[in-house]
Structures are given as structure tokens and as C-alpha cells.
Amino acid sequence: MRIPLRRLGVYLAAFLFAIVVNFTLPRLMPGSPVDSMIAQLGPRATPAAIEAIKARFGAVEQPIWLQFLDYLKGLATFDLGVSVKYYPQTVTEVLARSAGWTAFLVVTAVIFSLCVGVSLGAVAAWRRGGRFDAFVSPFSVVLIAVPPVIIALATLFTFGVTLRWFPVGYAYDPSLDPGINFTFFGSVFWHAIMPVLTLSPYMIGEFQTTMRSSMISVLGEDYVTMGRAKGLSNTAVMFSYAARNAMLPVMTNLALMLGAVFGGSIVTEIVFNYPGLGLTLFTASVARDYPVIQGQLLLMTMATLGANLLVDILYGVVDPRVQEGRT
Amino acid sequence: MSSGLKLFLRQKKAVAGFIIIVALCLMALLAPVLAPGDPAQRVGRSHQPPTAEHVFGTTKMGRDVYAQFVWGARPSLAVGFATGLAITAIGTAIGLIAGYFGGRTDAVLDLTTNAVLVIPNIPLLILLASFAGTVGPMAIMAIIALTSWPWGARMTRAQTLSLKNREFIVAARMVGEPWWRIIFVEILPNLVPLIGINLVGSIIYAIVAQTTLEYLGFGDPLNVTWGTMLYNAQNSSAIIVGAWWDIGAPALGIAIVGLGLALLNFTFDEIANPQLRSGPALSRWLRLNRLRARELRAVR
Amino acid sequence: MNAPLLRIQNLDVDYLTDGGAFRAVKNVSFDIGRGELFGLAGESGCGKSTIAYAITRLSKPPAWVAGGQVLLDDQDLLKLSETALQKVRWRRIGMVFQSAMNSLNPLMRVAAQFHDVLARHTGATRAQSRARAEEMFKLVGISPTRLDDYPYQFSGGMRQRIVIAICLALQPELIIMDEPTTALDVVVQREILEQVIDLQRSHGFSVLFITHDLHLMAQLCHRVGVMLKGELVEVGDVRQVSRAPAHEYTRKLWGSIPQLPGHGAAA
């Protein structure tokens, strides 16, 4: 599976960009982040801790490039620093706890939205101009325009508070102990419904729109006409000939959307008090816990890059033309 | 150009979207008339539901939600539109330059575009905003604009590349037209539908990003915007106590703006992509086809 | 060769445009006999391709069949339900499109593109489809080892041959060829057409050959029809139409073929 060198170059550049931003930002505002963090530590501010903070954020008399090297060295050993709010836990520890929940939420939402959105788009294009298309397609465009924050609040209010159908916070019932049992999984599932339903509309709208456009294009191609000329059933033509080819731009779109999905997940977690990376980021930013905020950016960037890479690989699997280096 | 306008007006969705946006802008402009006085003034008891006197109810601090809604529209819309414009301008410029000049310029710009594109926006925004402290609309605008231009740049670059190889451009270059003339007179007019999509999409994004940042508390809480209204409502536990109007008004405002812009975008999309256009002839063909298929099935 | 295989009667096809309906095919009638090579000629835009697509109801917008009958053994194809028509397509009437570059599904291996149509019409298993596909490949001159390749791995000429191979797999009674070689270079054109003629002679299917190349048509076909602006202006035996054309336009068509010095009349 040959991923073009170009793509890898882009990912490397993005990663470097995030690292550089993380490195330079606190140094551009000398004093105040460091001071505020030291103040935050309060009585726990041992001289060692203060030194560590100063070193990490540049309030030292070391040449910049040496500081950068130290920083890179730290990254290589997964040393993202120590949290200020949850001192003495390291940033890695703080993030590791929440990363799992966010991953669960995002993966579930993406898979759900992909299935629903793509199906709706394919049917809308196949029955173009019909009642289904006339209703679903403009609705999808609207879904894209309404921000996740609004949907989250509306969902929380309607289904959580007013109708009381779903629990209004947390990843699972706090009275339960996590374990491999049905009750626990059931609770997790139940608590995940509203957050997933909040993340999904935007993605469903995007997938539906992209799939419909792509499918309309594909339906005009000669190989689809040949599929019909072969006397194949409508289902066979729609799936194997049309939808399969139409999926390719959708996959590219998926890769582009991943950054936005993480953004949406942050807001969703905050509204639903879901213990993922978003909530951690929020509490960290309120507490000015800069090490955690920075670590978060790096982690999310890496996650997005990783997901992009995954989509690139999948695309190569689906479209044989790419493997040879041509598209 | 006039055929484009005619096409635009024939699309009911576009007209509807346009009316919505214009109505909201008018409301914002006429704020002093529609809700005279200072929206931050305390006018009633805390968290009162909508009544005849206070159409949208009151906030926890006893402020009139309706007044805040009308006045809050100003910065929300203004910053949203301005930021959207900035994003589009930056993205179009970069995409054009990369696409037209090619070579090393293109390689560098393309790499930068894709790299910034991959980085998740909201965490980056939160990072920048938390280092910057509570910031006014200008800073928010700058932060958002500097991180969201890549999407438009990519589209513009792709389109420029395909235009560059079209015969009329090749002819213009052979005749010796200067590059700035080619770009502004030959290429740019062909990019207008794309720029339209870009602009509307960027405005939508800008409003969402701005609202999100303000909701998270990075805006200036003393400034009355729809985002800060959400922030204040959240902090006063409006949802939990059931004060739906407190959250509902700004949420509705944002949803309506989104709706209007989305309707506009749908049409721009069809203008730019003629295949998607369902002109009256195509609609008629599709309808006749459906009817015939139904007839033939029945004859069986 | 008694009753004709295909009878097209009073076929009307409209183009639905925003400015109104434009009749692209006007009251066209002709027959194609069994085992006969029928050529349909005319300049671009005269409606010949439109007819080709209309026969098996594959017309794409804006083309709309407004009237007439297409009788395959006395069964009007225009009145069949979609499901019934699907049984006729490929099994009895096959089609070779103009740009075979794009006629094959880019994401399916060639063997799979044989299998889906064979399974659909004859319920063949994968092994059976593969055996048949190998046979067909040998027939058109492609190595059967390439059955697992994807379409992009073949050249334009080979892709056209693959389409012809898939076409013949079910041994249809009629094959419609819409300018099958226009997009290819002359040498490949020649090879493919010779192969088609051989296959036609050995298997005995009819061919509706649509082209704007008169010379080709005169060499290959038994009967020809000439179209002008949607109307069929002349139809008959190829020798008669070429040597003694009845219509003014036909005469002009033949007359427009540049002559090499020292050669006699065309064909």
C-alpha cells in the first residue's frame, strides 16, 4: 500500500506546524502564562515544579533553539509536561483518561452518519426530482448550516430536560462501577445516544449532499448506461455501478471533515458533560492549565492525521487505480 | 451577468434565503428603533417567561432577552460577515496565486494549505483564544480568519488549474497579456460562482466558530452578542431550571441565519455545478419518466 | 431469413429543452433481418445514435421517446415493463458504445463484469462465468490470464474488445454498435472490425452498425439507411444505395468522399 510521499509530507508539515505553534505561543506572551500557572499551583509550588514550568514555557536564559530541542526531546518520550490543575498528574495521564470516551463518541457518530448520509444521498440521486429528493436534499443543506452547539442545546433541552427520555450528563450512570457486563454497556449506550445524535446531523447533511452530487455525476457515465444495458437489476446498477464509484469523493470529503468533527465533539461533550477530551480541554482552558491545552492540541492533531491516513489507505483499497500512482 | 441574475431569481430557495438574511440584517440595523435603550439594563425579575411586556422573557440577571437578541444580532452578524469575507479573500488569493503561477510557489502554498487544513480548527482556536485571554470581536475575527482559509484555497486552486489550461487563457498568454490582467479580467469572472459558495460557506463557518468561542467563555462577556447570551444562559443554568427562552432566543437567531445562508448556498452550488441544476426541462423529463414507468408496471 | 428480427415503426424521439420540445427523430421506420448487417449513416446530430439508445430504452435526458413501436419478434419493447425489458437487454440485444474507454466499471475486475451479467441472465456460477469469459477472451484475441485485471490496465482498443467479448457472451440475436471505432486509431479500427465481421459470420447475429464513415459501411453492411436531420431519407441494399442512390442527400454524401487519383467510383 503505497501512500504517496506528498501526503506524508503534508501530514509531517501539519504536525510540525502544531508543534511550532505550541512552542512559540507561550513564548510570545512572556511572563503572564508562566506567572498564572505558578499562581495556580499555589501551595504545591515547589522550587522544582516552578523550574519545570519555566523551562517548558521559556522563561529561562537558554537560547531558543536549545529550548526547542529540549521540547522535541520531551515529545519523543511522550513527556507533555505536568498538568497544573491536576498537579502532580502528567498531561499524558489526564488526556489518556478522556481520550477513550471521545474516540468512542466520534467513531460511533462517524460510522452512523456515514451509513445514513450515504444511503440518503444515493436514494435522492437515484430518484432525482421525486418527493424524497425534494424534501431530503434541502433539509441536508440546512443541517450543515446549523452549528453543533445549537443542536446540542436543543437536544439536551427537548429530550433530556423536558421529555426526560435520556440522561443529561456523563458517560454512564455514576452509581455503576465500570466492568464488562451488560448493565454497564447498556448504561454507556444509553448515555451516548444524545451526544451521538448531536454530532450526527452535520455529518449526515454533508454526506448526503456530497453523495448526491457525486452520484448524479456518476449516473451520467457510460459504464452506468452499460450496466443498465446489460439488463442488470436496478439495485445492482445502483450499488455496484453507481454508488460504489460515487463513494470515492465522499471518502475524500470525510477526510476533510475530520477536523470539524473534533470541533463539534468538543462542544457536544461540554453541553452533555461527557468526560472526553473536549470537557478536559474546557476545564483546562478555564483553569488556564496550559500544558493540558497544548497537549490536547497535539493529541487531536495526531488523531486527525491518523484518521486522514486511515482514509487514504481505505481509498487505495477501494480504488485500484490509485495503487499504481495514478488517479 | 443578467442571465445569472435571472437564474438566481428563478430559484425559490435562493430568494427565500436572501429574504431571511436581509430581514435579519435590517433587524440588526434598526436595533435602536426596535428595542430602544440599553440591552444590558435590568428591566425585570430574574428568569421570567415570555410575556406581552417582555416578548422573549428575561435572563437570570433580569435583562430583557428580546432587547439582547435584537442588539446582539449586530456584532454576531457583523463579525460573521466580515470574518467570512476575510476568509474568502485570503483563501481565494492564495488559491489563485498557487494555481496560476504553479511551480515552486504552488508547491509551497499547496503544502501549507493542506497542512493547515488538517489541523482541527476548534482546538487550535481554543488554544489561541486561551493564550490571548478574553478578546474583543476583532481579535476573534483575526484568529478565525487565519485558521480557516485553506478550504476555500483548495477549491480555488483546483478551479484555477483547470481554467489555466483552457484555450482562451492559453490564447491570452500567447498574445502577451500581462499576468494581472489575465487573473482579474479572464480568470476571476469565471470563479464567481465558486467564490459565492466559498463566501457563504465561510460566513456560516465564521458565525459558528464565533458563537462557539463565545459560548465557551472566550468572548467579552460585557459585549452583548448571541454567543455571549448563550454563555450567560449556560452559566445561569437556564436549561436545568427550564428557562428555555434564555437559550432559545440566541439559538433561534443562529439557526435562522444558518438556514438563510444554507438556502443561498444550495443555489450557488447549482449555478457552479450545472449538472446539479434541475431546470424545468430536466424536471419535466424526470416526471414523465416516472409516470411512464408507473404506467408500464400497471399494464403487466 | 423470413420475418425480420427487429422492426422499428414510426419512431419519434423528442429532445425536451427549456425552450420546448425538439423532434430529433421523425417518424423513422426500418427493419433488420436475422443475420443481417444493417448500417445507419448520417452526419453528426442527425439522430442515429438517438435511435440506438431508444431501441432498448436507454435514452438519457433530454431524449424522450414520444411515439412509435420497436418490435422484437412482434413484442413492442417500448411497452414492456422495466423488469421484462431487463430480460431482453443483453440476452437478445447487446450494445457496444462509442467510447469503450468509459463503458467498463472502473472499480470491478473484468471477470466480475462478465459474471454479473451471466449470473443475472443464466444463473451461472463463478466457475461457469469464468470459463465462458476465457472462451470470449480467446475469441477477441486477449490473453485469458488478464481476466483478473481492472479496466484501467488495458488500452483503449483492448477495452473495446472486452466490451465486444462481454456482448457476445450471451449470444444475443442483435448487437447495436454505436460508432464503435471512431475513438480508436485506424489500425486498431481495422482489426476490431475484421474480428466483428468474422464473429458475425460464424455466429450469425444481426448488427445495427451506426457510423458516419460511409466507406466502412459500404464494405461491411448488407443493407444501409441514410439519415438527414432526424428523417430516414433512404434505405435499401448497400449496392443499390451506393451505386444508384435515390435521394439527393445520399448522392451528395457519396459525392463528398474524396477520390484517390486513378481509382474508380466509391466502393
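Our subject in this report is the structure included herewith. On a predicted model such as this, the values are computed, not experimentally measured, just so you know.

Analysis parameters
- Per chain, residue numbering runs from 1 following the sequence as it is written.
- By the order in which they are written, chains take letters starting at A while ligands take numbers starting at 1.
- Predicted model: local features are reported for residues with pLDDT of at least 70 only, side-chain atom pairs are reported and counted for 80 or more only, and whole-chain, interface and lining totals are derived from all residues.
- Computation of side-chain values covers all heavy atoms of the structure but excludes hydrogens and water.
- Put simply, DSSP H or I for four residues or longer makes a helix, DSSP E for two residues or longer makes a strand, and each gets a number counted from the N terminus.
- Throughout, a contact is declared for two residues whenever any of their heavy atoms are within 4.5 Å.
- Surface accessibility in these figures is a Shrake-Rupley result with a 1.4 Å probe; residues are shielded only by whichever protein chains are displayed.
- Counted charges follow a simple rule, with Lys and Arg positive, Asp and Glu negative, and His plus the chain ends left uncounted.
- Taken as the charge centre is NZ of Lys, CZ of Arg, CG of Asp or CD of Glu, depending on the residue.
- Only the six-membered ring of Trp is used, alongside the rings of Phe and Tyr, when aromatic pairs are assigned; centres must lie within 6.5 Å, and planes under 30 degrees apart are stacked while those over 60 apart are edge-to-face, with the rest tilted.
- Only protein chains enter the calculation, and the probe is 1.4 Å; a residue is then buried if its accessible area is under 20% of its type maximum, exposed if over 50%, and partly exposed in between.
- For a lysine, the NZ atom is tested; for an arginine, the CZ atom; a charge sits over a ring if that atom is within 6 Å of the ring centre and within 35 degrees of the ring normal.
- Pairing between strands requires that DSSP locate at least two bridges from one strand to the other.
- The term buried area means the drop in 1.4 Å probe accessible area that two parts suffer when joined, counted for both and summed.
- Throughout this description, the term salt bridge denotes a Lys or Arg side-chain nitrogen within 4 Å of a carboxyl oxygen of Asp or Glu.
- Inter-axis angles, ranging from 0 to 180 degrees, are taken between N-to-C directions of lines fitted to C-alpha atoms, where helices are fitted over the stretch in contact.
- For patch building, the residue pool is restricted to those with more than 30% relative accessible area and no salt bridge; the joining distance is 9 Å between like charges and 5 Å between nonpolar side chains (Val, Leu, Ile, Met, Phe, Trp, Tyr).
- N or O atoms within 3.5 Å of each other form a polar contact, as long as, within protein, one can give a hydrogen and the other can take it, and as long as residues adjacent in sequence are counted only when both atoms are side-chain atoms.
- Should an angle fall under 35 degrees it is called roughly parallel, over 145 degrees roughly antiparallel, and 65 to 115 degrees roughly perpendicular, with every other angle called oblique.
- Throughout, a crossing is termed right-handed when the near helix is turned clockwise from the far one, and left-handed when it is turned anticlockwise from it by less than a right angle.
- Each residue gets one label: Ala, Val, Leu, Ile, Met, Phe, Trp, Tyr, Cys and Pro are nonpolar, Asp, Glu, Lys and Arg are charged, and the others, such as Gly, are polar.
- By nonpolar core we mean a set of buried residues, namely Ala, Val, Leu, Ile, Met, Phe, Trp, Tyr and Cys, connected to one another through side-chain atoms within 4.5 Å.

1. Some thoughts on the overall build of chain C
Okay, so step 1: When its secondary structure is counted, chain C shows nine helices and 10 strands.
Okay, so step 2: Over its C-alpha atoms, taken along the principal directions, chain C stretches across nearly 55 × 50 × 40 Å.
Okay, so step 3: Once local pairs closer than 6 in sequence are excluded, the contacts in chain C between residues at least 24 apart make up 66%.
Okay, so step 4: Carbon and sulfur atoms provide 50% of the accessible area of chain C, an area that totals close to 11,300 Å².
Okay, so step 5: Side-chain charges of chain C comprise 29 positive and 27 negative groups, with the mean position of each set lying 3 Å from the other.

2. Comments concerning the overall build of chain A
Okay, so step 1: Counting secondary structure elements, chain A contains 13 helices and zero strands.
Okay, so step 2: In chain A, the succession of α and β elements from N to C terminus is α-α-α-α-α-α-α-α-α-α-α-α-α.
Okay, so step 3: Its C-alpha atoms give chain A principal-axis dimensions of roughly 80 × 55 × 35 Å.
Okay, so step 4: In chain A, once contacts between residues fewer than 6 apart in sequence are set aside, the share between residues at least 24 apart is 73%.
Okay, so step 5: Only carbon and sulfur atoms are counted for the fraction: they give 69% of the accessible area of chain A, which is about 14,400 Å².
Okay, so step 6: In chain A, which carries 21 positive and 17 negative side-chain charges, the distance between the mean positions of the two groups comes to 9 Å.

3. Observations concerning the packing of aromatic side chains
Okay, so step 1: One pass over the structure, following the stated rule, counts 11 aromatic pairs over all chains.
Okay, so step 2: Both rings, one in F30(C) and one in F38(C), keep their centres 4.8 Å apart while their planes meet at 5°; by these two values the pair is stacked. Here F30(C) and F38(C) have matching classes, each one buried.
Okay, so step 3: An aromatic cluster of three or more residues is present, and its members are W101(A), F104(A) and Y274(A).
Okay, so step 4: Cation over ring: R146(C) sits above F154(C), and NZ or CZ is 4.1 Å from the ring centre.

4. A few points about the pairing of strand 4 (residues 63–72) of chain C
All names here are of chain C.
Okay, so step 1: Judged by how many residues are buried, strand 4 sits mostly within the fold: seven of 10 residues are covered.
Okay, so step 2: Direction of pairing for strand 1 (residues 6–17) relative to strand 4: antiparallel, over a ladder of eight bridges. Paired with D14 across the two strands is W64, which belongs to strand 4.
Okay, so step 3: Two elements, strand 4 and strand 5 (residues 75–76), share two bridges in a ladder whose sense is antiparallel. Note on strand 5: the bridge partner recorded for L71 is D76.
Okay, so step 4: Counted along the chain from strand 4 to the antiparallel partner strand 5, the turn is two residues long, and its residue D73 has a positive phi close to 50°.

5. Points about the interface of chain B and chain C
Okay, so step 1: Chain B puts 12 residues into the contact, and the matching count from chain C is 16 residues.
Okay, so step 2: Carbon and sulfur atoms supply 64% of the area buried between chain B and chain C, which totals about 1,200 Å² over both sides.
Okay, so step 3: In terms of surface lost to chain C, no three residues of chain B exceed W285(B), R292(B) and L296(B), which account for 53% of the buried area on that side.
Okay, so step 4: The interface formed by chain B and chain C holds zero salt bridges in total.

6. Looking at the sheet that holds strand 6 (residues 93–96) of chain C
Residues and elements named next belong to chain C.
Okay, so step 1: Across the sheet, which stays open at both edges, the six strands sit in the order 6-7-8-3-9-10 with mixed pairing between neighbours. Pairing within the sheet leaves two strands with one partner each, and these edge strands are strand 6 and strand 10 (231–237). Neighbouring strand axes in the sheet, compared pairwise and without regard to direction, differ in orientation by 15° on average.
Okay, so step 2: The strands touched by helix 1 (residues 48–55) within the sheet are strand 3 (37–41), strand 6, strand 7 (174–178), strand 8 (206–211) and strand 9 (223–228), with strand 8 carrying the most contacts at an inclination of about 145°.
Okay, so step 3: Helix 9 (residues 248–255) contacts strand 9 and strand 10 of the sheet and is inclined by roughly 105° relative to strand 9.

7. Some remarks on a positive patch on the surface
Okay, so step 1: Taken together, the side chains of R127(A), R131(A), R284(B), R287(B), R290(B), R294(B) and R297(B) make up a positively charged region of the molecular surface.
Okay, so step 2: The element that contributes the greatest number of residues to the positive patch is helix 14 (residues 280–299) of chain B, accounting for five residues.
Okay, so step 3: Among the secondary structure elements, R284(B) is positioned in helix 14.

8. Observations concerning the environment of H121(C)
Okay, so step 1: Here H121(C) shows up in helix 3 (residues 110–122).
Okay, so step 2: By relative accessible area, H121(C) is classed as buried at 17%.
Okay, so step 3: The spatial distance from the C-alpha of H121(C) to the C-alpha of V88(C) is 9.3 Å, given a sequence separation of 33 residues.
Okay, so step 4: Sequence-distant contacts of H121(C), defined by excluding residues within four places in its chain, comprise K230(A), G231(A), Q86(C), K87(C), R89(C), W90(C), R91(C) and L170(C).

9. Section: the side chain of Q294(A)
Okay, so step 1: Position of Q294(A) among the secondary structure elements: in helix 12 (residues 290–318).
Okay, so step 2: In contact with Q294(A), not counting residues within four places along its chain, are N22(A), P26(A), F57(A), L127(B) and F131(B).

10. A look at the interface of chain A and chain B
Okay, so step 1: Listed by partner, the interface residues are 55 residues for chain A and 47 residues for chain B.
Okay, so step 2: Taken together, the links from chain A to chain B amount to zero salt bridges.
Okay, so step 3: Summed over the shared surface of chain A and chain B, the result is zero residue pairs in polar contact (both at pLDDT 80 or more).
Okay, so step 4: With 12 residues, helix 1 (residues 5–28) of chain A is the largest single contributor of residues to the side of chain A that touches chain B.

11. A short note on the packing of helix 2 (residues 12–29) of chain B against helix 4 (residues 65–101) of chain B
Residues and elements named next belong to chain B.
Okay, so step 1: Contact geometry for helix 2 and helix 4: axes closest at 8 Å, N-to-C directions at 120°. Classified by the interaxial angle, the pair formed by helix 2 and helix 4 is oblique. Relative to helix 4, helix 2 is oriented so that their crossing is left-handed. Packed against helix 2, whose contacting residues are I21, L24, C25, M27, A28 and L29, the element helix 4 presents F69, V70, A73, R74, L77 and F81 at the interface.
Okay, so step 2: In terms of residue class, the contact of helix 2 with helix 4 is made up of 11 nonpolar, no polar and one charged.

12. Comments concerning the nonpolar core
Okay, so step 1: In this structure, L153(A), V271(A), I126(B), L127(B), Y215(B), W226(B) and L261(B) are the most contacted members of the largest nonpolar core, which totals 112 residues.
Okay, so step 2: At 11 residues, helix 13 (residues 244–272) of chain B tops the list of elements feeding residues into this core.
Okay, so step 3: Apart from residues no more than four positions distant in its own chain, W226(B) is found in contact with M27(B), F69(B), G72(B), A73(B), S76(B), P250(B), G253(B), I254(B) and V257(B).
Okay, so step 4: Among the nonpolar cores identified, the runner-up in size contains 92 residues, and C46(C), A133(C), M136(C) and I197(C) belong to it.

13. Here we look at the pairing of strand 7 of chain C
Residue and element names in this part refer to chain C.
Okay, so step 1: The element strand 7 is extensively covered by neighbouring structure, given that five of its five residues are classed as buried.
Okay, so step 2: A two-sided burial pattern is seen for strand 7, the buried positions comprising L174, I176 and D178 on one face and I175 and M177 on the other.
Okay, so step 3: Bridging between strand 6 and strand 7 involves four bridges; their strand directions are parallel. Residue I93 lies in a different strand from strand 7, and its bridge partner there is L174.
Okay, so step 4: Alignment of strand 7 against strand 8, held across five bridges, turns out to be parallel. What sits directly across from I175, in strand 8, is V207.

14. Topic: the sheet that holds strand 2 (residues 20–32) of chain C
As a general point, the strands of a sheet are linked pairwise by backbone hydrogen bonds and lie either parallel or antiparallel.
Residue and element names in this part refer to chain C.
Okay, so step 1: With respect to topology, four strands assemble into an open sheet ordered 2-1-4-5, the strand pairing being antiparallel. At either margin of the open sheet sits one strand with a lone partner, and together these are strand 2 and strand 5.
Okay, so step 2: Where helix 1 meets the sheet, its contacts fall on strand 1, strand 2 and strand 4, and the angle it forms with strand 1 comes to roughly 110°.

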